[in-house]
Amino acid sequence: MGIEVLAPDVLMPIRQRFLSMLEDYTIQISILHEDAEDPAELAEAMADIGSIAHRVAGVAATLGYEPLGVVASRLDQQLVAGRQRGSCTLEENDHLIRLFRAAINNALDESAT
Amino acid sequence: MTSMRLLAVDDDPVFLMLLKHVLSTIGYEDIQTVNSGAAAIALLRDPKEHFDCLLLDIDMPEMTGIELCQRLRHIPAYRDTPVLMITAMKTLHFVENAFRAGANDYIHKPVDELELGTRLRMIRELLAERRRRASVETQVASNLGLPVLNVTFEEPVSITEAGSVIDYLALENYALTLGRLRLYGHSVMGFSVVNALEIYRSTDGIGYVDTMAIVASAIDRALKSFNHLIAFAGRGEFVAMISQRTDVSSEVLQDEIEMTMARYAAVYNDLEIPLPKVHVGEIMHAGFFTRTTVNQLIAKARESAARLPVFGMRDFGRAY
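Everything quoted here is computed from the prediction, not taken from an experiment. (Residues numbered from 1 in each chain as written. Chains lettered and ligands numbered in written order. Predicted model: local features only at pLDDT ≥ 70, side-chain atom pairs only at ≥ 80, totals over all residues. Heavy atoms only, no water.)

## Comments concerning the sheet that holds strand β3 (residues 53-57) of chain B
Residues and elements named next belong to chain B.
- Here five strands make up an open sheet; going across it, the order is β2-β1-β3-β4-β5 and the pairing parallel. For this open sheet the edge positions go to β2 (31-34) and β5 (105-108), each flanked by a neighbour on one side alone. In this sheet, adjacent strand axes meet at a mean angle of 20 degrees when their direction is disregarded.
- Looking at chain direction, strand β4 (residues 83-87) and β5 are connected through four bridges and run parallel. The residue bridging M85 from the neighbouring strand is Y106, located in β5.
- Contacts between helix α3 (residues 65-72) and the sheet are confined to β1 (6-9), β3 and β4, with β3 contributing the most and set at about 150 degrees to the helix. (Pairing = 2+ DSSP bridges. Helix = DSSP H or I, 4+ residues; strand = E, 2+ residues; numbered from the N terminus. Axes fitted to C-alpha atoms, helices over the stretch in contact; angles between N-to-C directions. Contact = heavy atoms within 4.5 Å.)

Structure follows, in structure tokens:
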């Protein structure tokens, strides 16, 4: 049996940068989620959560985190649609935001093992 | 392969790293990246820098990709540079605005290597054709000592003077991004300058393009109550995509266009160029259960405009 030479993971440096940003994002989402409970801060907090979801949706699948990409994309689109309708409440987005956080944590756990 | 120097603009550093990686795997190594519209404008204004193609994210803080696209079109060196918008947003509103701002094409995040490669290959071919034409024009101009715009009758030359007019290739690209459901909610119309060949033969390239730009403005004005995009398709033909399923009367539009064009009658008479006579085709819609492609719909709209009515036709002069 010959020696198996594994191709270097060329995406590794990008993935590591992404994971370090995910760690920041999970903290930011917790803070923004609390902020969103205050009606005065709701719109800005939801826009910032949407911005995080938008960033994650753009790269997660390509870096091997497809479920995270799907949830991020759904949240991004739902928040954009809410803003266009002029109503973007925490209640109607709460479930998807929690799912997004869980998907981020799952991606971080996967990479740690 | 003709090499291209690319500028990518996105506020997400991870996306820029990933994009550089994908581009290098498909043969594009000469890439500069910046993370804001302001940084991009500074770079584009630097005379020492030159980029062949620009890749812009739509959703950026402070200056969006659409605003950036509008602003860079005012920098003379980047008036015609191909712009490819890259975004995760799938909202029609943004797609339309991107094309209206001067974008040439549009792809979605996450970036697909094959799709990006195909779009960039098309842009490379477009640039190669432009370089070939520019070289011929320079040669002719230097031989005659005159400014010359070498335009063939068939080609869809760029006409951007009217607000809703975009390049023909950009219109096709826009239509292709709609998908079947959204295409169903659109209407397509063709407009044909029936004496275009006469006009083409009676003036030089600049005069012909100026005349088609005036026709484009007249069509734009006639469609003012609709959200629309117009493109010049060559051969004196125009295509308009209207963002709603409407049954606007071709005759009403034709009357409006004729009224606008009539204002130019004396000018054209002095220039000894025939006054453009425009025939408006039937409005075309995609059927929801039929598999009409975008290209078929556009082709049908153009055919309808090019086909002159047999009975009760107006005086269209000498048709070709």
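## Structural notes on the packing of aromatic side chains
All names here are of chain B.
- Per the counting criterion, the structure on display carries six aromatic pairs over all chains.
- Note on F99 and Y174: the rings are 5.5 Å apart at their centroids and 65 degrees apart in plane angle, and the pair reads as edge-to-face. Highlighted residues: F99 in helix α4 (residues 92-100) and Y174 in helix α6 (residues 168-184), separated in sequence by 75 residues.
- According to the relative accessible area criterion, Y174 is buried, its value standing at 1%.
- Relative to Y200, the ring of F153 has its centre 5.5 Å away and its plane inclined at 55 degrees; by these criteria the two rings are tilted. Here Y200 lies in helix α7 (residues 196-202) and F153 lies in the loop between α5 (113-144) and β6 (165-166), a separation of 47 residues in the sequence.
- Among the residues examined, Y200 registers a relative accessible area of 25% and is labelled partly exposed.
- Three or more aromatic residues joined by ring pairs make a cluster, and in this case those are F153, Y200 and Y208. (Phe/Tyr/Trp six-rings, centres within 6.5 Å; stacked < 30°, edge-to-face > 60°. Buried < 20%, exposed > 50% of the residue type's maximum accessible area, 1.4 Å probe, protein only.)

## Examining helix α2 (residues 42-59) of chain A
- For α2 of chain A, which comprises 18 residues, the first-to-last C-alpha distance of 27 Å matches the rise-based estimate of 26 Å (1.5 Å per residue) to within 8%.
- Of all 18 residues in α2 of chain A, 13 are buried; the element is thus mostly enclosed. (Expected span 1.5 Å × (residues − 1).)

## Considerations on helix α2 (residues 37-45) of chain B
All names here are of chain B.
- Turning to α2, its buried residues number three or more, namely G37, A40, I41, L43 and L44. Looking straight down α2, one finds that the buried residues subtend no more than 165 degrees of arc, so they occupy a single side. Exposed side chains of α2 directed beyond 90 degrees from the buried face belong to A38 and R45.
- The elements touched by buried residues of α2 are β1, β2, β3 and α3. (Arc of directions from axis to C-beta.)

## Side note on the side chain of S164 of chain B
All names here are of chain B.
- Within the secondary structure, S164 sits in the loop between α5 and β6.
- A polar contact of 3.2 Å, which involves the side chain of S164, links it to the side chain of R100.
- There is a polar contact of 3.3 Å between the side chain of S164 and the side chain of D220.
- Excluding its chain neighbours within four sequence positions, the residues that come into contact with S164 are R100, D220, H228, L229 and I230. (Polar contact = N/O pair within 3.5 Å; in protein donor to acceptor, adjacent residues only side chain to side chain.)

## Details of the packing of α2 of chain A against helix α4 (residues 90-112) of chain A
Residues and elements named next belong to chain A.
- Direction vectors running N to C along α2 and α4 enclose 35 degrees, while the axes themselves pass 12 Å from each other. In the packing of α2 onto α4, the handedness of the crossing is left-handed. Where α2 approaches α4, its residues L42, M46, I49, I52, A53 and V56 are matched on the opposing element by L90, N93, I97 and F100.
- Across the contact of α2 with α4, the residue classes tally to nine nonpolar, one polar and no charged. (Left-handed = near helix turned anticlockwise from the far one by under 90°. Nonpolar A, V, L, I, M, F, W, Y, C, P; charged D, E, K, R; others polar.)

## Thoughts on the nonpolar core
- Grouped together as the largest cluster of nonpolar side chains are 58 residues, with contacts concentrated most on F18, L22, V56, L68 and F100 of chain A together with L116 of chain B.
- Not counting residues within four places of it along the chain, the set of residues in contact with L22 of chain A comprises V56, L68, I104, A107 and L108 of chain A.
- Formed by 49 residues, the second largest nonpolar core is a distinct cluster that contains I66, L72, V83 and L183 of chain B. (Core = buried A, V, L, I, M, F, W, Y, C linked by side-chain atoms within 4.5 Å.)

## As for the pairing of strand β8 (residues 228-234) of chain B
All names here are of chain B.
- β8 sits mainly inside the fold: seven of its seven residues count as buried.
- Here β6 runs beside β8; their pairing, made up of two bridges, is parallel. If you follow I166 over to β8, its bridge partner there is A231.
- Linking β8 back to strand β9 (residues 237-242) in an antiparallel pair, the connection comprises two residues, with R235 at a positive phi of about 55 degrees.

## Some remarks on the interface of chain A and chain B
- Counting residues at the interface gives 19 residues for chain A and 20 residues for chain B.
- For the pairing of chain A and chain B, the buried interface totals around 1700 Å² over both sides, and the portion due to carbon and sulfur atoms is 68%.
- When the area that chain A buries against chain B is broken down by residue, the three leading residues are I14, H54 and R55 of chain A, summing to 32%.
- Taken together, chain A and chain B are joined by one salt bridge.
- Residue R55 of chain A pairs with D11 of chain B through a salt bridge whose shortest N-O separation is 3.1 Å. (Buried area = accessible area lost by both parts, 1.4 Å probe. Salt bridge = Lys/Arg side-chain N within 4 Å of Asp/Glu carboxyl O.)

## Some thoughts on the confidence of the model for chain B
- Mean pLDDT over chain B works out to 84, with 86% of the residues at or above the 70 mark.
- Within chain B, β1 of chain B carries the highest mean pLDDT (97), whereas α5 of chain B carries the lowest (76). (pLDDT = per-residue confidence, 0-100.)

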